[in-house]
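# Coordinate analysis (summary)
Each chain, letter by letter, is given below.
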Amino acid sequence: MNTRLLEKEWPALAVAIALGFGFLAATSPAFLTEFNIYVLLRSFCISLLVAFSQMTTLAVGQLNVSIGALGGLVAIVAGGLMEKLGVPIGVALAAGLALGALCGFVNGVLVTRTGIDGFIVTLATASVFDGINLGITKSIPFYKMPAALVAFGTARFHALPYLLIPPVLAAIALAIFLARTSLGRYLLAVGGNPQAAELSGVPRARIIVLAHSLSGFLAAGAALLALAQLGSAQPTIGSDWLILSFAAPIIGGAALGGGYVSVLATALAVVLLTLIQNGLVLEQVDPFWVEFLLGGLILAAVGFDRLRAARAGGG
Amino acid sequence: MRLAVENVGKSFPGVVALDGASLRLEPGEIHALVGENGAGKSTLIKILTGIYRPDRGRLTIDDKEARFASARDAIASGIGAVHQERNLVPRFTVGENIALEQLPMRFGFVDFDAVHKRARKFLDAIDSSIDTRTEVRRLSVAQMQIVEIAKALSLDSGVLLLDEPTASITGHEADALFLILRRLKAQGKAIAFVGHRLEEVLSICDRITVLRDGKVMLSGEPVAKVDRARVVREMVGREERIAEFERAIPQSDTPAMEARELATARGHVGIDFKLMKGEILGLYGLVGAGRTELARALVGDERIVGGQLLMDGTPVASRNVADAVHRQKIGYVSEDRKGEGLILAHSVRANLAITIWRRIADRLGLLRRSSELRVVAPIAARLDVRTGSLEREVIKLSGGNQQKVSIGKWLAAEVKVLLVDEPTVGVDVNAKAAIHEAIAGVAREGVAVLLISSDLPEMVALADRVLVMRDFALIGEVENDRNLERVSRLIMELIQSR
Amino acid sequence: MTADKPATAGRLSILSLASSNLFGLAAIVAVFWAIFVSLTPNIASSFSLFAISRSLGIDIVVGFSTMVVLATGGMNLAIGSIGVCAVMFAGYLMQELGVPSPLALLAALMLGAASGWANGVTIVTTGANAFVVTLASASLFFGAMLITTHGTPFEGLPPELADFGRMRWGFVSPMLALALAIGVALAILFHFTALGREILSVGANTRAARMSGVRVGRAIVVAHTLSGLLAAVAGLMTMARLGAAIPAIGRDWLLPSFLAPVLGGTLLSGGAVSIGGTILGALLIATLRAGILTLQVANFWLQLFLGLVLLCSVALDRYRGGYLERKSARVRA
């Protein structure tokens, strides 16, 4: 029983979150205020979709380092459509999501058609997306976003931002997709043992393309949330997503080689990371610690994983 | 369903795996496919399942020509298979692995109750003790094998191909499997059974095909008409001439290597043997007996967990491969020369010299081509490595010449003990003779050789004594009097005694 | 297959296959030069050439830093972070503690090597993927640098550093000479030393190397240590060029660090490096950058171009190497 519980990631994460929550509640009076919780949840929304975006590529055993660049491109394209062309919000957002999925699709096709390592492909496409982004904006953001969008970005019900709705829906949908649909199962089967999946009639290449497309779609979602939240289309949206996108799934126990991801544990890892970030602000610790701690947590997760493997194998 | 191949050939670079082989599987029959390691059985199975495409020959289903572009085509045509490699998704449950081909759906979602019910049905037929809700990675190797069999059954295919299905399961589980196979036979399925244990094969199969060196030696004879001795003869290749090597009597009293009650992390227990200087000690056993694993433990790649290993009479403490190679002077010629014997993309020179780079570097740590060649060139000449230049990449050499290189690097290293694992699998006759000569030559120079081989004539030609291994334990020793028939019989009797 | 695989390829293949790749790359560089010179003759001015040679030197060393880990089949995403850590450490030692510059530079190099060593040891002991470990350590190192320096640059460095940055030998910066000297040293390492060739063996076939008695863990740690050292060298060169220790150094190294060796034909899967190719790859990057700068075209073209160039080159390499690849894949199957 003991070892079984150790097998799952979420209990340890839940304990860590509870401890962090308790500590902050006890030491910082500002922590439990409605506004602080609202601020905390706001940054949680975007991070969650970023983490899910990487999680879907990890599920099939791929890496996607273009998430941030893709997000930045989607944000400024959607922003540009609304500001310069006066496209209605719904259409612009749909176009943004479609663009994200398309960019991911391109990543997936390049990976499966050329057989080149996913890391190199997405490193290259990241540079291409960044280039297009800079070409459109010349580094100048689109400031005039439709009022309705900005209002949605700041609207809240007590401590709950409306922005929380899309990522929570995405989490539920993703959990059901991965656990209960045949495509979702194929995704994990390809990640777990590509040969076995292929011998069982799973179309491996198409599944990898699907995972990349989904990853692009989710990254686009994160970018559009950031757009709504900031009230302007900044070309720098996404520039700091890379480490976060890997940190959350890995802390959530995702196997880097593919075949295993956990929506719940990834979400909890994002909660933990958001809590740490918020805690550092409240305790007036140098914000530079965030970067340091992210790296440290990933290494700790890797070490923990190793320990667990040693215990399972050598014990 | 009737599945047949006629006159198929398949070559890999440097190796002819199948040379005009034919096989005909009839409905309502279990067809045994036997042969030694490297005889081409697995290649034939892989052609039948669409994993390999044959270079030539015809494949027919119900007497109509068929072509498989991929493994999926074969599955769609109703051919189910259990391969030697594990084809399971480790983080999925047993049930889902079994049902992965056609996941039962309900309202657009996977119906896991139906998945497990379906899997249960096929699993119960063999072994009801496995829970379908367990993740596959938690199963033992034998249990995984059972799951694979259940998975093949679940396809409801007309043809079932089983590649060594009993290699890692117990007698009890095997009996259950045979019961099912008989039932499936009664249902009119065509079944091919690749096996090593002759008793087993002869008791369950209706017809038998024997392969040797990619050729069919015995083609679909009814089992009732052939006796065991004939099958062994065809497998082993009696007409093969046994070369006589000049063998010296081992010269020293202290064994170069000695194992006392050795136990390994892989499950060997009570391994006792003495390997004398200048001796060639054979180690025979069937696939899965634990011979390769023992060799790996001796060279420091697997953990030794009990007993003692002595080199020249002194006990050896725990170590890694580098220690074994450089300190204790033990070399291992792997059976998997492409995976771990050679660096295919590097030159012959680099592959031969890799073990001595440290030794021949000058005081500044610099390595000169000339000093490398001084050691390596004579070895290449002695082993008659056929290569245009020592700078050629090893991947461009034939299988036999590749094998000469992977033995040659240990000559360069001047090892005291050489562990040789299946040295002539997939090499042609001439290269085989050269490799045999090389091994005998190494022993003449005083190196102690442990020879692992499934090729009995090779064993009889080279070894001084033959140890026999079964289920990770040594079960006996046969003195080699160079009489192939007698030695084969004694070895087979040891192995088949249960 | 790839360009000059130093320790391994035959003479024949060095002459034919390998150099066809290098010649191809050199031809592309020449074409770009022709285009740029015809558009803006300024690019060939002596000052412009000097500036290009200076940044080329840095690009080359950055490329080498990734090349040495690619040799083992690994990667190092922390190159930029290690570089900036070394720079800020050197800046701190010189400006705040008044340590003489040679000592400070030496200490900074040691820090770079130690960081790389830590990466290597973590990878070997945890058995984790080099990608994850160096992604994490990149964040760790960069965070540590920010925490200790608060991101404030050190601008009061000893003048001899900036003097070195401005030094000109004809129209060439000594930094290019330094980079080429490092190239020679690396060529000796990978061609003519047991250690270098062991590193290549580990990259080509880890299992076979281990079974041949190569100490695989040590080879990986050495490669990462060297990578860290080279990242520190590249950082200090950048510092000399700017005349100040600035926290932004190294932020944009990731793409060029992979681009140069991969363009030059170093295999991602390990086992072969091409030093000449890496230099040419860096030259292509420096050429594109200089051309776009002097043409005063918007900078985004550079990003777009570098990405596309990387994609095309690996795709091309894949199709060229396809034959051997397929062959060995079949053997493995």
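The structure reproduced in this document is the subject of the present report.

Reading the values: the criteria
Residues numbered from 1 in each chain as written. Chains lettered and ligands numbered in written order. Predicted model: local features only at pLDDT ≥ 70, side-chain atom pairs only at ≥ 80, totals over all residues. Heavy atoms only, no water. Contact = heavy atoms within 4.5 Å. Buried area = accessible area lost by both parts, 1.4 Å probe. Salt bridge = Lys/Arg side-chain N within 4 Å of Asp/Glu carboxyl O. Polar contact = N/O pair within 3.5 Å; in protein donor to acceptor, adjacent residues only side chain to side chain. Helix = DSSP H or I, 4+ residues; strand = E, 2+ residues; numbered from the N terminus. Nonpolar A, V, L, I, M, F, W, Y, C, P; charged D, E, K, R; others polar. Buried < 20%, exposed > 50% of the residue type's maximum accessible area, 1.4 Å probe, protein only. Core = buried A, V, L, I, M, F, W, Y, C linked by side-chain atoms within 4.5 Å. Pairing = 2+ DSSP bridges.

## Notes on the interface of chain A and chain B
Where interface size is given, it is often the accessible area lost as the parts come together that is meant. Contact residues are listed per partner, giving 23 residues for chain A and 24 residues for chain B. Across the interface of chain A and chain B, roughly 2,000 Å² is buried in total on both sides, 57% from carbon and sulfur atoms. When the buried area of chain A at its contact with chain B is split by residue, Arg180, Arg185 and Leu199 of chain A rank highest and sum to 30% of it. Between the two partners, chain A and chain B, sit 1 salt bridge. In this structure, Arg185 of chain A engages Glu96 of chain B in a salt bridge whose closest nitrogen and oxygen atoms are separated by 2.4 Å. Counting across the interface, chain A meets chain B through 4 residue pairs in polar contact (both at pLDDT 80 or more). The greatest single-element share of the side of chain A that touches chain B, amounting to 6 residues, is contributed by helix 9 (residues 182-192) of chain A. Tallied by class, the residues present in the side of chain A that touches chain B amount to 10 nonpolar, 8 polar and 5 charged.

## Considering the interface of chain A and chain C
Residue-level contacts link 38 residues of chain A with 38 residues of chain C. Inspection of the chain A/chain C interface yields 3 residue pairs in polar contact (both at pLDDT 80 or more). Taken together, the residues that form the side of chain A that touches chain C break down as 24 nonpolar, 8 polar and 6 charged.

## Considerations on the pattern of salt bridges
For the coordinates displayed, the defined rule picks out 50 salt bridges over all chains. Here Glu445 of chain B and Arg382 of chain B are joined by a salt bridge, their closest N and O atoms 3.1 Å apart. Note that Glu445 of chain B is positioned in the loop between helix 16 (429-444) and strand 20 (448-452) and Arg382 of chain B in helix 14 (residues 369-382), a separation of 63 residues in sequence. Residue classification places Arg382 of chain B among the partly exposed residues on the basis of a relative accessible area of 46%. Notably, a salt bridge pairs Arg386 of chain B with Asp384 of chain B, separated by 2.9 Å at the nearest N-O pair. Under the relative-accessibility criterion, Asp384 of chain B is labelled partly exposed at 34%. Connected via shared salt-bridge partners are Arg349, Arg369, Glu372 and Glu391 of chain B together with Arg197 of chain C.

## Digging into the nonpolar core
Among the nonpolar cores identified, the biggest contains 298 residues, and Phe52 and Phe119 of chain A, Phe273 of chain B together with Phe131, Leu186 and Phe190 of chain C are the most heavily contacted of them. For this core, the leading source of residues is helix 3 (residues 34-59) of chain A, giving 14 residues. Not counting the four nearest positions on each side in its chain, Phe131 of chain C is found in contact with Leu63, Val65, Phe119 and Phe246 of chain A together with Met75 and Leu77 of chain C. Judged by nonpolar contacts, the second largest core, of 47 residues, contains Leu162, Ala174, Ile180 and Val210 of chain B.

## Description of the pairing of strand 10 (residues 190-194) of chain B
Along a regular strand, successive side chains alternate from one face of the sheet to the other. Residue and element names in this part refer to chain B. Taken across its 5 residues, strand 10 has 5 buried, putting it largely inside the fold. Alternating positions in strand 10 separate into two faces, Ala190, Ala192 and Val194 on one and Ile191 and Phe193 on the other, with burial throughout. Across 5 bridges, strand 3 (residues 29-34) lies against strand 10 in parallel orientation. Note on strand 10: the bridge partner recorded for Ile30 is Ile191. The sheet contact formed by strand 9 (residues 159-163) and strand 10 spans 5 bridges and is parallel. Among the inter-strand pairings, Val159 is bridged to a residue of strand 10, identified as Ala190.

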